[in-house]
Amino acid sequence: MKKGIEVSIAASIAAKLARVEVIAAYPITPQTHIVEHLSEIVANGELDAVYINVESEHSAMSACCGSSAAGARTFTSTSAQGLELMHEILFIASGMRLPIVMATVNRALSSPLSIWGDHSDVMAARDSGWIMLFCENGQEVVDMIIMAFRIAEDRGVLLPVMVNLDGFSLSHVIEPIELPSQMMVDKFLPPYNPLYTLHPNKPVTMGAYAMPELYTEAKYAQEMAIINSKEVIKKAMDEFGKQFARQYKPVETYNTDNADFVFIALGSIGENIKTAIDELKEGGKNAGLVQLRLFRPFPSDELLSVLKDKKRIAVIERVMPAGAANGPLYQEIASLMCVHNMNVQMDNYIVGLGGRDVLPESFTDIFNGTAHEESTVPVRDKNFKVIGVRG
Amino acid sequence: MRQKSIELYTDNPEEEFAVSGHRACQGCAEILAVRLALKVFGKNTIIVMATGCMEIISTPLPTTNWTLPWIHVAFENAAAVASGIEGALRILMEKNKIPREDIRVVAMAGDGGTSDIGLQALSGALERGHKFTYMCLDNEAYMNTGIQRSSATPYGASTTTSPPGKKSIGQATWKKDMAKIAVAHNIPYVATACPSYPFDLFSKVKKARMAEGPSYLHILSVCPTGWRIPTDLAIEYGKLAVRTGVFPLYEVENGQYKITHSPEPLKSVKEYIKGQGRFKHLNDEQIAKIQERVTKEWANLKSRCELK
Ligand SMILES: Cc1ncc(C[n+]2csc(CCOP(=O)(O)OP(=O)(O)O)c2C)c(N)n1
Ligand code: SF4
């Protein structure tokens, strides 16, 4: 049964349902409700877990590394500057193959200081070796957090997983959400059974350094692990669908079958794009939406099969690609197209920075070619358009 | 006293937890301190190590110098990693997922990883009261990256980032008093130690091991390479540091100060300074200034002990 619940609260309940054992977290807007509620759950004895009130996000991720290495199911959550402060340790967590799960409540980066939502934070961490999932709504946040542990802890994966949800526009809204029962979650998610742990009974060395003869091999093994994780992710999604009757795919589509034109986007903005698509449809025009639920590993095959017969692609991003030729998502898709000799008109639109509202009209305007757009840097090789910049 | 010392020594297992084959420089007192301390910590220990000399000399993949569970995450976070491990052990034992045992988590870092970049994480972990021991291996500079100054580098010392010159005496600030900072956290046990005084070290490690909460050990670890002294003199210089009052040996149990080895009458600081390449540019006036400071600090420490 669905009930109205704030998405942040639902996220913390999902962590509880996953029976997390150690939480080390530091508050930052708009992630605060998640950690506040989790600490209440632990304080009330509703969850057998240790909540470590660390003094910073750097220590949050460091403590998570320690606890995961010692064999405890570990959860944290952060946003923006917090994710940046963790940055160094993100790479170490993935390199050490520690199945930590983190809810990242996406928010703009300073400066100027902005507490509102966009994807600057996660995009700056996109190559940190974490599996990255993106949620469109509150139900997905709950389901992804539960699935994230199953994926992360799979013996064939053993990688940290980041569940991304948009700050405020998703984290702070009240939505009808179905919270699964503990029994069902327990059936889907077995207890964490680590391969190696820090224990005197069977001493291991973790986090050694590699000479040049071995570093490449270690990184290659890590790369293969994240590439191969896609099959595990798909399987987890399938099994989740079977058990909970909510089906997820690495790449989700909306009205793409009949459309020559597709939007590609990440996160909760998909809902506004869908509204625009519905409006266009009423006017007899066809546009589709491709949502990347999975961003790392990049779901190349799934994207190709959706995009192969399209004529125009509008890549929508919520990050300012400082000094780059294009936004990060555009660049990935463009390189895919290039490798596969696909010649499609592709445009890159930057929208909704620092919490700026993006209404469905922006997308109908993009489709109709009437969007008020202004590229901030008139460089020839730069072909992204920033929507709605005031002069 | 002697009897007790011998007991402390023979109590320790013959087993080595930091085994041979590591690549520390000849005469390194830091690896000696680690090796001796681990004997007292014993088998039920998990080591967290910060980036630094000890990590680099001991774990080139796929080899390891450690027969205990050991983890290195980064330079500034040994205390935070230890917090996570301690938390995990607590909940896993509570849930009967692992046997209930007295396992001690020991975080080790150099003076840089402790008094500079790692100070925040250390303060956080001490304040939160995790049951763990933090060992600062103080060789008075960033040795792993090639002898750069830290906030624990003594006044006047030459390092690659505090070189003496026309406008510089070398390190221009006084050594940060880390042990005092640890004491300010009101933790059960804080002590200074030096492997030149192994029995004193054993007894302090034992107390740190047993503390019902965080404990902090500040260990002077002579580094022949960085101090520019002959490799066979590390033990000797550790002794001189203590005998001159430059590095007093004391402990603070639940706030009570106690000098554990009184070197009075103190030798002159000059005796400690003169053979070290890192101080060779200092003139008599500068050495006198150091002497004045050391005398004052020694009196200060004594007065704190007499407060009892
Ligand atoms: C964030 C970060 N900054 C800088 C370094 C480079 N670095 C590695 S070890 C080290 C110095 C270590 O000095 P110390 O902690 O005193 O230990 P020692 O090597 O002297 O035993 C530095 C600067 C690093 N690893 N990480
Ligand atoms: S540089 Fe100094 S501390 Fe580092 S291994 Fe050599 S002697 Fe030991």
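In the block above lies the structure referred to throughout.
Residues numbered from 1 in each chain as written. Chains lettered and ligands numbered in written order. Predicted model: local features only at pLDDT ≥ 70, side-chain atom pairs only at ≥ 80, totals over all residues. Heavy atoms only, no water.

Enquirer: Help me out: how do you make sense of the overall build of chain B in this one?
Expert: Counting secondary structure elements, chain B contains 12 helices and 10 strands. Taken over C-alpha atoms, the radius of gyration comes to 19 Å for chain B, in line with the 19 Å a tight globule of 308 residues would show. Projected onto the principal axes, the alpha-carbon positions of chain B cover approximately 65 × 50 × 35 Å. Across chain B, contacts joining residues at least 24 apart in sequence account for 70% of those joining residues at least 6 apart. Summing over all exposed atoms, chain B offers an accessible surface of approximately 12700 Å²; the carbon and sulfur share of this is 54%. Charge separation in chain B, taken as the distance between the mean sites of 38 positive and 31 negative side-chain charges, equals 2 Å. (Helix = DSSP H or I, 4+ residues; strand = E, 2+ residues; numbered from the N terminus. Rg over C-alpha atoms; globule rule 2.2 N^0.38 Å. Contact = heavy atoms within 4.5 Å. Areas by Shrake-Rupley, 256 points an atom, 1.4 Å probe, with all protein chains shown as cover. Lys, Arg positive; Asp, Glu negative; His and termini not counted. Charge placed at Lys NZ, Arg CZ, Asp CG, Glu CD.)

Enquirer: I'm lost on the packing of aromatic side chains in this one. Help?
Expert: Each aromatic ring pair is described using two quantities: the centre-to-centre distance and the angle formed by the ring planes. Throughout the structure, instances matching the rule amount to 18 aromatic pairs over all chains. Taking the centre distance of 5.8 Å and the plane angle of 20 degrees together, the rings of Y250(B) and Y257(B) count as stacked. You'll find Y250(B) and Y257(B) in the same group, each marked buried. Counting every residue linked through ring pairs, the aromatic cluster contains F188(A), F240(A), F244(A) and Y248(A). The side chain of R150(A) reaches across the aromatic face of F188(A), ending 4.4 Å from its centre. It is R296(A) that lies over the ring of F295(A); its NZ or CZ is 4.6 Å from the centre. (Phe/Tyr/Trp six-rings, centres within 6.5 Å; stacked < 30°, edge-to-face > 60°. Buried < 20%, exposed > 50% of the residue type's maximum accessible area, 1.4 Å probe, protein only. Lys NZ or Arg CZ within 6 Å of the ring centre and 35° of its normal.)

Enquirer: Help me out: how do you make sense of the interface of chain B and chain A in this one?
Expert: How big an interface is tends to be expressed through the accessible area that disappears when the partners come together. Taken together, the contact between chain B and chain A spans 43 residues of the former and 41 residues of the latter. Taken together, the two surfaces of chain B and chain A that pack against each other cover about 3300 Å², and 63% of this comes from carbon and sulfur. For chain B, the biggest contributors to the area lost against chain A are L61(B), I91(B) and R128(B); these three give 16% of the whole. Our count for the chain B to chain A interface comes out at three salt bridges. Our count for the contact surface shared by chain B and chain A stands at 17 residue pairs in polar contact (both at pLDDT 80 or more). Counting residues per element, the ones that place at least two in the side of chain B that touches chain A are β1 (45–49), α3 (53–58), β2 (70–72), α4 (78–94) and α6 (119–128) of chain B. The leading source of residues in the side of chain B that touches chain A is α4(B), at 10 residues. When the residues that make up the side of chain B that touches chain A are grouped by side-chain class, the tally is 21 nonpolar, 13 polar and nine charged. Here two bridges tie strand β9 (residues 205–206) of chain A to β2(B), and the two strands are oriented parallel to one another. (Buried area = accessible area lost by both parts, 1.4 Å probe. Salt bridge = Lys/Arg side-chain N within 4 Å of Asp/Glu carboxyl O. Polar contact = N/O pair within 3.5 Å; in protein donor to acceptor, adjacent residues only side chain to side chain. Nonpolar A, V, L, I, M, F, W, Y, C, P; charged D, E, K, R; others polar. Pairing = 2+ DSSP bridges.)

Enquirer: I'm lost on the environment of L304(A) in this one. Help?
Expert: Examined against the element boundaries, L304(A) turns out to sit in helix α10 (residues 300–307). Once you skip the residues sitting within four places of it in the chain, L304(A) turns out to touch L336(A), H340(A) and M342(A).

Enquirer: In this structure, what is going on with the sheet that holds strand β6 (residues 131–134) of chain A? I would like to understand it.
Expert: All names here are of chain A. Here we have seven strands laid out as an open sheet, ordered β3-β2-β4-β5-β7-β6-β13, and mixed in their pairing. If you trace the sheet from one side to the other, it starts and ends with β3 (50–52) and β13 (294–296), each paired once. Strand-to-strand twist of the sheet, defined as the mean angle between neighbouring strand axes without regard to direction, takes the value 20 degrees. Docked against the sheet, helix α6 (residues 138–153) engages β4 (74–78), β5 (101–106), β6 and β7 (161–166), running at close to 170 degrees with respect to β7. (Axes fitted to C-alpha atoms, helices over the stretch in contact; angles between N-to-C directions.)

Enquirer: Honestly, the nonpolar core in this entry has me stumped. Any pointers?
Expert: Ranked by internal contacts, the top residues of the largest apolar core, which has 96 residues, are M61(A), L303(A), L307(A), I333(A), I71(B) and I85(B). For this core, the element with the highest residue contribution is α4(B), accounting for 10 residues. I13(A), C135(A), I146(A) and A148(A) belong to the second largest nonpolar core, which has 57 residues in total. (Core = buried A, V, L, I, M, F, W, Y, C linked by side-chain atoms within 4.5 Å.)

Enquirer: Any chance you could explain the site of ligand 1 here in plain terms?
Expert: Around ligand 1, the surrounding shell holds 18 residues, and the nearest of these are E30(B), C53(B), G112(B), G113(B) and M143(B). At the site occupied by ligand 1, the surrounding residues belong to chains A and B. The separation between an oxygen atom of ligand 1 and a polar side-chain atom of D111(B) is 3.1 Å. The biggest single contributor to the shell around ligand 1 is helix α5 (residues 111–116) of chain B, with three residues. Looking at the shell around ligand 1, its residues break down into six nonpolar, eight polar and four charged. (Near = heavy atom within 4 Å.)

Enquirer: Looking at this model, I keep getting lost on the packing of helix α1 (residues 7–17) of chain A against helix α2 (residues 32–43) of chain A. Mind explaining?
Expert: Two quantities define a packed helix pair, namely the angle between the axes and the distance from one axis to the other. Residues and elements named next belong to chain A. One can describe the packing of α1 onto α2 by two numbers: an axis separation of 8 Å at closest approach and a directional angle of 45 degrees. Our classification of the angle between α1 and α2 gives oblique. Crossing handedness for the pair α1 and α2: right-handed. For the pair formed by α1 and α2, the contact residues are S8, I9, A11, S12, I13, A15 and K16 on the first element and H33, I34, H37, L38 and I41 on the second. For the contact of α1 with α2, the class distribution of residues is seven nonpolar, four polar and one charged. (Parallel < 35°, antiparallel > 145°, perpendicular 65-115°, else oblique. Left-handed = near helix turned anticlockwise from the far one by under 90°.)

Enquirer: Looking at this structure, how should I read helix α8 (residues 198–210) of chain B?
Expert: Helical geometry note: an α-helix holds 3.6 residues per turn, so side chains three or four residues apart project in the same direction. Taking 1.5 Å of rise per residue, 13 residues should cover 18 Å, and α8(B) covers 18 Å from first to last C-alpha, within 8% of that figure. Regarding α8(B), the residues found buried are D200(B), L201(B), F202(B), K204(B), V205(B), A208(B) and R209(B). (Expected span 1.5 Å × (residues − 1).)

Enquirer: What's the story with the site of ligand 2 in this structure? I'm lost.
Expert: Taken together, the residues surrounding ligand 2 are A24(B), C25(B), C28(B), E30(B), C53(B), N139(B), M143(B), C223(B), P224(B) and T225(B). Residue composition of the shell around ligand 2, by class: seven nonpolar, two polar and one charged.

Enquirer: I tried to follow the pairing of β5(A) on my own but got confused; where do I start?
Expert: Residue and element names in this part refer to chain A. Burial of β5 is extensive: six of the six residues sit out of reach of the surface. Across the two faces of β5 the burial is the same, with V101, A103 and V105 and M102, T104 and N106 all buried. Sheet analysis places β4 next to β5, joined by four bridges and oriented parallel. From the neighbouring strand, T76 faces β5, where its bridge partner is M102. With helix α4 (residues 80–95) bridging β4 and the parallel β5, this β-α-β connection has right-handed handedness. (Right-handed = clockwise from strand over helix to strand, strands pointing away.)

Enquirer: Just checking my understanding: could you explain unusual backbone geometry for this structure?
Expert: Most of the time, phi is negative for any residue but glycine, and the peptide bond is trans. With omega at 0 degrees, the peptide bond leading from S111(A) into P112(A) counts as cis. Mapped onto the elements, P112(A) comes out in the loop between β5 and α5 (120–123). In this structure, R228(B) is a non-glycine residue whose phi angle is positive, near 60 degrees. Mapping R228(B) onto the fold places it in the loop between α9 (224–227) and α10 (234–243). With a relative accessible area of 48%, R228(B) lands in the partly exposed category.

Enquirer: For this particular structure, what's the right way to read the packing of helix α3 (residues 57–69) of chain A against α4(A)?
Expert: All names here are of chain A. At a minimum axis distance of 7 Å, the contact between α3 and α4 shows a crossing angle of 25 degrees. Judged on the interaxial angle alone, α4 and α3 are roughly parallel. Relative to α4, the crossing made by α3 is right-handed. Where α3 abuts α4, its residues E57, H58, A60, M61, S62 and C65 lie against G82, L85, M86, E88, I89, L90 and A93. Residues belonging to the contact of α3 with α4 are distributed by class as follows: eight nonpolar, three polar and two charged.

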